[in-house]
Amino acid sequence: MNDVDVMGNSMKKIKLDIVGLSYSQTQSGAYALVLGEVNGRRRLPIIIGSFEAQAIAIEIEKMTPSRPLTHDLFKSFALAYHINIQEIIIYNLVDGIFYSKLICSDGKKVIEIDARTSDAIAMAVRFECPIHTYEFILSTAGIVIEGNDFVYLENINDPKEDNQVTTAGGGFTSLSTDELKTKLQEALSDEAYEKAAKIRDELNKRKAS
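Residues numbered from 1 in each chain as written. Predicted model: local features only at pLDDT ≥ 70, side-chain atom pairs only at ≥ 80, totals over all residues. Heavy atoms only, no water.

- The name given to the chain in an unreviewed UniProt entry is BFN domain-containing protein, with the source organism recorded as Mucilaginibacter paludis DSM 18603.

### A word on the packing of aromatic side chains
Reasoning step 1: If you walk through the whole model with that rule in mind, you get three aromatic pairs.
Reasoning step 2: Aromatic pair Y91 and Y99: ring centres 6.4 Å apart, planes at 55°, arrangement tilted.
Reasoning step 3: Over the ring of F127 we find K75; its NZ or CZ atom is 5.9 Å from the centre of that ring.
Reasoning step 4: The ring centre of Y91 lies 5.1 Å from the NZ or CZ of K101, which sits over that ring. (Phe/Tyr/Trp six-rings, centres within 6.5 Å; stacked < 30°, edge-to-face > 60°. Lys NZ or Arg CZ within 6 Å of the ring centre and 35° of its normal.)

### Remarks on the nonpolar core
Reasoning step 1: Residues L35, L44, I85, I88 and I90 are the most contacted members of the largest nonpolar core, which totals 31 residues.
Reasoning step 2: Of all the secondary structure elements, the ones that give two or more residues to this core are β1 (13-23), β2 (30-37), β3 (42-49), α2 (50-60), β4 (84-94), β5 (97-105), α4 (117-127) and α5 (135-141).
Reasoning step 3: It is α4 that provides the largest number of residues to this core, a total of six residues.
Reasoning step 4: Those residues in contact with L44, other than ones at most four positions away along the chain, are L16, L33, V34, L35, I90, F98, I137, L138, A141 and G142.
Reasoning step 5: A187, A196, I199 and L203 belong to the second largest nonpolar core, which has nine residues in total. (Core = buried A, V, L, I, M, F, W, Y, C linked by side-chain atoms within 4.5 Å. Buried < 20%, exposed > 50% of the residue type's maximum accessible area, 1.4 Å probe, protein only. Helix = DSSP H or I, 4+ residues; strand = E, 2+ residues; numbered from the N terminus. Contact = heavy atoms within 4.5 Å.)

In C-alpha cells form, the structure reads like this:
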C-alpha cells in the first residue's frame, strides 16, 4: 500500500451514533459520552461537562425545558436566518482533546464553524444531522467491544474501582501491558467505557514510547 492509500484510508469518514451517556468515574460533575461506529464494534468515549450532557440528554429524551437552553437558542437563531446544520465532523485529536466542526448551509453556500465536541453533539441531536469522524481518530482513540448491541448508559460508577481510577496516571501505570489488556476486556464487559478509555490511553502511551 502506498502513501496515498494510507492517507486515504486514515481520512476515511465514519458515521457515529450516540450509544451511551454516563456519570464520570474520575471527574466530579463530568459525564462520559460514548459514540459508536455505525455497523461496527468500535466505541469513542469523550468526557464532557454536565451542562452539555444535560443539553444532549434533554433532546434525546425529547423533554422540553421551561425556557430555551443555550443550544435551543442557537438552533432557533440559525433557523430564523434559514441556516441548517448538515453534518458534524470530529476532525482531530490532539493531546486527548477532540476537535469538531459544524458544517452549515443556508442553501447557497456551505460554511464550516469550529466547535467544542460536546457542543457539536448537542447541536447534532437538535438538527438531527449525522455525526462523522475520521478513521485515524477512531483507530487511535476508539475501543473495540464484543457484539453490536447499542446501550444507553446511566451510572457506570463502580465504587470498588474508584481508588484505582482516580490515582495518578489513572491508576494503571504500575500494571504490566498484559494486565492492562485483561483490565481493558473486563471494563468493556462491564460497559465501563470511561475506565476502558483510561486503560486505552495508557496502552497507547506505552506503544508510543
